[in-house]
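Read off the chains here:
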Amino acid sequence: RNQVFLAVHCAALIETLLASELFGHEKGSFTGAVERKIGRFERANGGTLFLDEVSEIPLEMQVKLLRVLQDGEFERVGGTKTIRADVRLVCATNKDLAEEVRKGRFREDLFYRINVILINVPPLRERKKDIRPLVEQFLHELGRSAGKKITGIDAEALKCLEAYRWPGNVRELKNVMERMIVLSQENRLSLKNIPDDLKSSLGRSRSEPARAVSPWDPASSNLQEMEKELIRSRLNDTRGNKSLAAKKLGIS
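Turning next to the packing of helix H6 (residues 131-145) against helix H7 (residues 155-163). Packing of H6 against H7 leaves a shortest axis separation of 10 Å and a crossing angle of 120 degrees. With respect to H7, the element H6 is oriented oblique. Between H6 and H7 lies a crossing whose hand is right-handed. Across the interface between the two elements, Ile131, Arg132 and Val135 from H6 touch Leu158, Leu161 and Glu162 from H7.

Structure, rendered in structure tokens:
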């Protein structure tokens, strides 16, 4: 735990670059390899290597990774010398690896090899108690980077953030907080700083005045009139945002 910690984002690299990043390469092993490169496994020897988005590793590369985990041995790309490394591996993925195995997109033997200790991190919507401390952290962190002294957030605004489902999890919360802080003209965030698209997804917020919708009688209306009223209602809900209204209606 006191040794080196290295991280690799597997989805950000094509297969050839990922092999070089993990195992290193010898000079002249491919175009652009002007010097020897020491890979992450070699550099992390005695420490920890974190593979983010491990489900995105190509199948051929998975075979090479399995060998390292089983035997602790590998060769650099273009090399013949066998190198040993003792590394603690931590992997992360937002996919169900067991399902990926069933679909043939992830090797079963590799799955069982890395599935030693499983830590399930629930989505943010299932751990609402985490939202407040995350918001407080982002207020301090993002406020400082934006050059603003934000003293806090009103209870109503926090309640709105806690009610949202956060499909983008903590990353989405951080982006929303950054937007609120950057655009805020006051030292304390309030309900008016909550983005409109977030509020509209929760339904009409308490700060919005009630809007009258023209009454219509389903019994005396035809299909075209009903469709028109439904579209008009969604446009009212989204303050005239056609793209958002269409999304709520499930149409283009």
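Having seen it, we continue.
This next bit is on the pairing of strand S1 (residues 5-9). Here is the key point about a regular strand: its side chains alternate between the two faces of the sheet. Because side chains alternate across S1, one face comprises the buried residues Leu6 and Val8, and the other comprises Phe5, Ala7 and His9, none of which is buried. Both S1 and strand S4 (residues 48-52) contribute to a ladder of 5 bridges, which runs parallel. Looking across to S4, one finds that phenylalanine 5 is bridged to threonine 48.

So, about the environment of valine 4. Tracing the chain through its elements places valine 4 in the segment before S1. A residue is classified by how much of its surface remains accessible, and valine 4, at 32% relative accessible area, is partly exposed. Separated by 193 residues in sequence, valine 4 and aspartate 197 place their C-alpha atoms 42 Å apart. Residues contacting valine 4, with those up to four places away along its chain left out, are Arg43, Ala44, Gly47 and Thr48.

Taken together, the side chains of Val116, Ile117, Ile119 and Val121 make up a nonpolar region of the molecular surface, amounting to roughly 480 Å² of accessible area. Relative to the helices and strands, valine 121 resides in the loop between helix H5 (108-114) and H6. The exposure class of valine 121 is exposed, given its relative accessible area of 57%.

It is worth spelling out the confidence of the model for the protein at this point. When the pLDDT values of the protein are averaged, the result is 87; 93% of them are 70 or greater. Mean pLDDT in the protein bottoms out at helix H10 (residues 223-237), which sits at 80, and peaks at S4, which reaches 96. Ignoring residues within four places in sequence, the model shows residues 204-216, a span with pLDDT below 50, making 20 contacts including any to other chains.

Here the focus is the packing of H6 against helix H8 (residues 169-183). Contact geometry of H6 with H8 gives a least axis separation of 10 Å together with a crossing angle of 50 degrees. The angle between H6 and H8 places the two elements in the oblique class. The two elements H6 and H8 meet at a crossing, and its hand is right-handed. Where H6 approaches H8, its residues Ile131, Leu134, Val135, Phe138, Leu139, Glu141, Leu142 and Gly143 are matched on the opposing element by Val170, Leu173, Lys174, Met177, Glu178 and Ile181. For the contact of H6 with H8, the residue count by class is 10 nonpolar, 1 polar and 3 charged.

Attention now goes to the nonpolar core. Counting 28 residues, the largest nonpolar core has Leu22, Phe41, Leu49, Leu51 and Ile57 as its most contacted members. Those elements that place two or more of their residues in this core are S1, helix H1 (15-23), S4, helix H3 (59-71), helix H4 (97-102) and H5. Counting residues per element, this core draws most heavily on H3, which supplies 5 residues. Discounting chain neighbours no more than four positions away, the residues touching leucine 49 are Leu6, Val8, Leu22, Arg40, Phe41, Ala44, Val87, Arg88, Leu89 and Val90. Counting 23 residues, the second-largest nonpolar core is a separate cluster that includes Ile153, Leu158, Met180 and Ile181.

Reading guide: rules and limits
Residues numbered from 1 in each chain as written. Predicted model: local features only at pLDDT ≥ 70, side-chain atom pairs only at ≥ 80, totals over all residues. Heavy atoms only, no water. Axes fitted to C-alpha atoms, helices over the stretch in contact; angles between N-to-C directions. Helix = DSSP H or I, 4+ residues; strand = E, 2+ residues; numbered from the N terminus. Parallel < 35°, antiparallel > 145°, perpendicular 65-115°, else oblique. Left-handed = near helix turned anticlockwise from the far one by under 90°. Contact = heavy atoms within 4.5 Å. Buried < 20%, exposed > 50% of the residue type's maximum accessible area, 1.4 Å probe, protein only. Pairing = 2+ DSSP bridges. Patch = residues over 30% accessible without salt bridge, like charges linked within 9 Å, V, L, I, M, F, W, Y side chains within 5 Å. Areas by Shrake-Rupley, 256 points an atom, 1.4 Å probe, with all protein chains shown as cover. Salt bridge = Lys/Arg side-chain N within 4 Å of Asp/Glu carboxyl O. pLDDT = per-residue confidence, 0-100. Nonpolar A, V, L, I, M, F, W, Y, C, P; charged D, E, K, R; others polar. Core = buried A, V, L, I, M, F, W, Y, C linked by side-chain atoms within 4.5 Å.

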